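So the chains spell out like this:
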Amino acid sequence: MNMTKMIPLTSENLELCTELYMNVFNREPWNERWTYETAKERLSDLLHTPKFLGFLFHIDHKPVGFIAGNSKVSDQGLTYYLAELCVNNQMQGKGHGSKMLRALEAELQKREIKSLYLLTANDGRAEAFYLKNDYVVNEDRVVMKKNFF
């Protein structure tokens, strides 16, 4: 399992990421309903967020997945907010997501970013993945929402 390439996520490789995103999140266990246009808009908006940082991962020119988010200033310094972690359906469950996460963490530490936050569904495969990678539930925060329709 050789992570041969970690390249910055840019507008040049956004199309590839859009295809990956749709293929992953429109299937089990998420079963979301992304169109090419909505997925591309989401990723393009993220790409243009201030302090954006994201990477596309390849093995032998085959896309493994991507990871992306942005930093925000806090009273403690910079905090990175992980918005997307997406692993090719055919490569899930083989440690690639964990390697991508570790590569991102190393890059964040080089940039002296103090912490990483993320949102994920509870009691699912994604939560189990993050717990396995030494992430903890932040007991100091609660996610709240309000629906309008």
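Residues numbered from 1 in each chain as written. Predicted model: local features only at pLDDT ≥ 70, side-chain atom pairs only at ≥ 80, totals over all residues. Heavy atoms only, no water.

For the protein, the name recorded in an unreviewed UniProt entry is GNAT family N-acetyltransferase, with Peribacillus castrilensis as its organism.

Caption draft 1: Region of the structure containing the overall build of the protein. Counting secondary structure elements, the protein contains 4 helices and 5 strands. Taken from N to C terminus, the helices and strands of the protein fall in the order β-α-α-β-β-β-α-β-α. Against the globule reference of 15 Å for 149 residues, the protein gives a C-alpha radius of gyration of 15 Å, in line with a compact fold. Across the protein, contacts joining residues at least 24 apart in sequence account for 57% of those joining residues at least 6 apart. When the accessible surface of the protein is totalled, it reaches about 9,900 Å², and 52% of it is carbon and sulfur. With 19 positive and 19 negative side-chain charges, the protein shows a separation of 2 Å between the mean positions of the two kinds. (Helix = DSSP H or I, 4+ residues; strand = E, 2+ residues; numbered from the N terminus. Rg over C-alpha atoms; globule rule 2.2 N^0.38 Å. Contact = heavy atoms within 4.5 Å. Areas by Shrake-Rupley, 256 points an atom, 1.4 Å probe, with all protein chains shown as cover. Lys, Arg positive; Asp, Glu negative; His and termini not counted. Charge placed at Lys NZ, Arg CZ, Asp CG, Glu CD.)

Caption draft 2: How the structure looks around the pairing of strand β2 (residues 52–59). β2 sits mainly inside the fold: 8 of its 8 residues count as buried. Residues F52, G54, L56 and H58 point to one face of β2 and L53, F55, F57 and I59 to the other, with burial holding for every one of them. As judged from the 4 bridges shared by strand β1 (residues 5–8) and β2, these two strands associate in the antiparallel manner. The partner of I7 across the bridge, within β2, is L56. Sheet analysis places β2 next to strand β3 (residues 62–74), joined by 8 bridges and oriented antiparallel. Across the sheet, the residue bridging to G54 is A68, located in β3. (Buried < 20%, exposed > 50% of the residue type's maximum accessible area, 1.4 Å probe, protein only. Pairing = 2+ DSSP bridges.)

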